[in-house]
Amino acid sequence: MNKKISIGITISLVAIACALTFVVTMSFSLNMYNGKIADVQQREEMYTKMQEIDSYIKSYSIYDTDDTETKIGVYSGYLKGIDDKYAKYYTTNEYYYKTQLESGVLTGLGMELGREQGGYISVTGVYEDSPAFESGIIVGDVITSVGGVSVLELGYDAALSQLKFGDEGTKQRFKVSRSGEETEYNLGRRSFTIVSVQGLLLDNGILYLNFNSLNAKTGEQIEEILSRYNAGEIKGYIFDLRDCCSNVYSSVSGVLNSFIGGTRLADMVYRNNSTKPLAETDGNTFTNLPLSIIINERTGGAAELMAVSLRDFNNAKLVGAQTMGYGTIQEARAFSDGTAIEISVARVRTVNELSNYNENGISPEFAVEYSGAPEENPMNYAQTMDEQLKKAVEVINISGVE
């Protein structure tokens with residue numbers, strides 16, 4: 001039997017519903033308002049405190065303040081507070097240098113530099129075809145003075161900046177100590193292409209590809225290496241991705257086009273769960289020759305995507321140690337003064353979701369611990385102390401390759 005509800009009761013129910021909606025809406029709005037007010041108050045407190053610190057230091061400190069360095073410290077410190085270990089603030093010179101590295105063409109002296117134990121500057125890497133390379137500077141050299149001033153007197157950061165940054169055609173004078181002897185150089189800066197991958201055909205027919213880095217030129221360099229050999233010369237491939245860590249995911253497709261048929265490899269997943277294709281091969285070239293990939297705890301980012309893609313789509317065997325698990329993508333935001341910040345904006349999601357490597361890294365099929373330096377002459381694979389290289393050759397089990 002149908003029961004009729006009076007108009008008065010209906011109006012009352014509607015009024016109650018409206019009242020509840022109003023209360024919920026007001027509570028939500030009030031929470032948002034309070035949150036914003038709290039955020040504004042916190043920011044005001046922070047700015048006020050910074051002003052007090054600045055005023056006190058400038059009034060009483062016996063040391064001079066460097067406003068530029070102070071600003072860099074503040075900006076960098078803010079990024080450290082967002083729980084993003086890959087977030088970074090770049091000065092104008094640093095950001096320009098970063099974009100050059102990613103492009104694959106660098107202007108400078110051609111040295112990678114680090115702090116030496118005694119406070120001097122050590123040469124940790126030398127780019128091929130660079131002014132430093134052509135002048136005979138080698139890894140392990142120690143730079144003791146820059147522009148006629150001792151590095152210790154000038155300060156590490158200032159000396160490093162003078163060596164690292166400068167316009168094409170400008171010269172830099174510096175002294176290098178090697179085995180107790182000092183040599184003075186006066187090198188001119190110029191542009192050169194970064195050699196990011198080197199190839200060597202071993203006597204057993206395996207093409208050994210050693211990746212120093214990944215940049216916009218790496219795909220072209222792979223094609224050039226492959227073009228040196230006729231069909232039938234190559235019996236298999238070794239990708240040495242040890243110590244290769246890069247956020248230049250645009251390089252992945254160019255490198256893998258010759259090794260994986262046309263397919264999507266991975267997507268970018270943003271904070272709102274929207275996605276965008278990250279890497280895919282065009283399918284123009286494909287080889288089914290055996291591959292082994294050498295990885296270690298310093299293999300990261302785009303190099304990790306290369307490793308899992310070759311494993312998933314071309315049955316490559318991974319040799320070495322667990323990778324670093326760098327599966328996030330950073331995006332840079334440049335400002336009008338040439339400075340920039342870089343933060344993580346997305347995660348890498350491989351097509352085979354079981355191969356996602358963020359945080360956990362990639363486990364090799366053949367775990368081989370080795371803490372020494374990679375073999376300088378891969379042709380010496382049979383007698384080498386480099387156990388990871390030796391195993392990589394071993395797992396390419398094809399007829400005629402021993």
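Residues numbered from 1 in each chain as written. Predicted model: local features only at pLDDT ≥ 70, side-chain atom pairs only at ≥ 80, totals over all residues. Heavy atoms only, no water.

(A) Examining helix α6 (residues 156–164) more closely. Of all the residues in α6, the buried ones are Y156, A159, L160 and L163. The buried residues of α6 occupy an angular sector of 100° when projected down its axis, which confines them to one face. Contact partners of the buried residues in α6: β3 (111–115), β4 (121–126), β5 (142–146), α5 (151–154) and β7 (171–178). (Buried < 20%, exposed > 50% of the residue type's maximum accessible area, 1.4 Å probe, protein only. Helix = DSSP H or I, 4+ residues; strand = E, 2+ residues; numbered from the N terminus. Arc of directions from axis to C-beta. Contact = heavy atoms within 4.5 Å.)

(B) Here's a closer look at the layout of surface pockets. Its boundaries defined by the atoms lining it, the largest pocket holds a volume of some 1,800 Å³. E112, Y127, N212, S213 and D243 are the residues nearest the centre of the largest pocket, which is lined by 48 residues in total. Mapped onto the lining of the largest pocket, the elements with two or more residues apiece are β1 (88–90), α3 (92–103), β3, β4, α6, β10 (197–201), β11 (206–211) and β13 (245–246). With five residues, the single largest contributor to the lining of the largest pocket is α3. (1 Å grid on protein atoms, 1.4 Å probe; cavity = no way out; pocket = protein on both sides within 12 Å on 5 of 7 lines; lining within 4 Å. Points joined across faces, edges and corners; volume = space filled by probe spheres on them.)

(C) Summary view of the sheet that holds strand β18 (residues 317–320). One open sheet holds the six strands; their spatial order is β10-β11-β12-β16-β18-β21, and the pairing between them is mixed. Both outer strands of the open sheet, β10 and β21 (366–367), are each paired with one neighbouring strand and no more. In this structure, β10 lies alongside β11, joined through five bridges in antiparallel fashion. Note on β11: the bridge partner recorded for G199 is L209. (Pairing = 2+ DSSP bridges.)

(D) Highlighting a nonpolar patch on the surface. On the surface, a cluster of nonpolar side chains totalling about 910 Å² of accessible area is made up of M46, Y47, M50, I53, Y56, I57, Y60, V74 and Y75. Every element with two or more residues in the nonpolar patch is listed here: α1 (7–60) and α2 (67–80). Mapped onto the secondary structure, I57 falls in helix α1. Note on I57: relative accessible area 36%, which makes it partly exposed. (Patch = residues over 30% accessible without salt bridge, like charges linked within 9 Å, V, L, I, M, F, W, Y side chains within 5 Å. Areas by Shrake-Rupley, 256 points an atom, 1.4 Å probe, with all protein chains shown as cover. Salt bridge = Lys/Arg side-chain N within 4 Å of Asp/Glu carboxyl O.)

(E) Expanded view of empty space enclosed by the protein. The final tally for this structure, using the stated rule, is two cavities of 30 Å³ or more. In this structure, the largest cavity occupies an estimated 80 Å³ of space. Residue lining of the largest cavity: Y97, L106, T107, G108, L109, G110, M111, L113, Y127, L163 and K164, and that is the complete set. Those elements giving two or more residues to the lining of the largest cavity turn out to be β2 (105–108), β3 and α6. The element best represented in the lining of the largest cavity is β2, accounting for three residues. For the lining of the largest cavity, the residue count by class is seven nonpolar, three polar and one charged. Put simply, the second largest cavity is a space of about 30 Å³. For the second largest cavity, the full set of lining residues is L265, L305, V308, S309, D312, F313, T350, V351 and N352. Looking at which element gives the most residues to the lining of the second largest cavity, the answer is helix α9 (residues 302–314), with five residues. Its residues assigned to classes, the lining of the second largest cavity shows five nonpolar, three polar and one charged. (Nonpolar A, V, L, I, M, F, W, Y, C, P; charged D, E, K, R; others polar.)

(F) Up close: the side chain of K98. Relative to the assigned elements, K98 resides in helix α3. When near neighbours in sequence (up to four residues on either side) are disregarded, K98 contacts Y90, A332 and E342.

(G) Summary view of the nonpolar core. Ranked by internal contacts, the top residues of the largest apolar core, which has 42 residues, are L209, F211 and F239. The dominant element in this core, judged by the number of residues it contributes, is α9, at seven residues. Those residues in contact with F211 that sit more than four places away from it in its chain are S196, V197, T218, I222, F239, D240, L241, R242, C244, V255 and M306. The next biggest cluster of nonpolar side chains, apart from the first, holds 18 residues, and it includes L109, M111, I121 and L187. (Core = buried A, V, L, I, M, F, W, Y, C linked by side-chain atoms within 4.5 Å.)

(H) Structural detail: α2. The end-to-end C-alpha distance of α2 is 20 Å, a good match for the 20 Å that 14 residues give at a rise of 1.5 Å each. Capping of α2 at its N-terminal end is provided by D66; its side-chain oxygen lies 3.0 Å from the backbone amide nitrogen of T68. (Expected span 1.5 Å × (residues − 1). Polar contact = N/O pair within 3.5 Å; in protein donor to acceptor, adjacent residues only side chain to side chain.)

(I) Fine view of the packing of aromatic side chains. One pass over the structure, following the stated rule, counts 10 aromatic pairs. Centre to centre, the rings of Y127 and F192 are 5.8 Å apart; their planes meet at 45°, and the pair counts as tilted. Here F192 lies in strand β9 (residues 190–193) and Y127 lies in the loop between β4 and α4 (131–134), a separation of 65 residues in the sequence. Y127 sits in the buried class, given a relative accessible area of 15%. Exposure remark for F192: the relative accessible area of 4% places this residue in the buried category. Pairing F174 with Y185 gives two aromatic rings, centres 5.7 Å apart and planes at 20°, and the pair type is stacked. (Phe/Tyr/Trp six-rings, centres within 6.5 Å; stacked < 30°, edge-to-face > 60°.)

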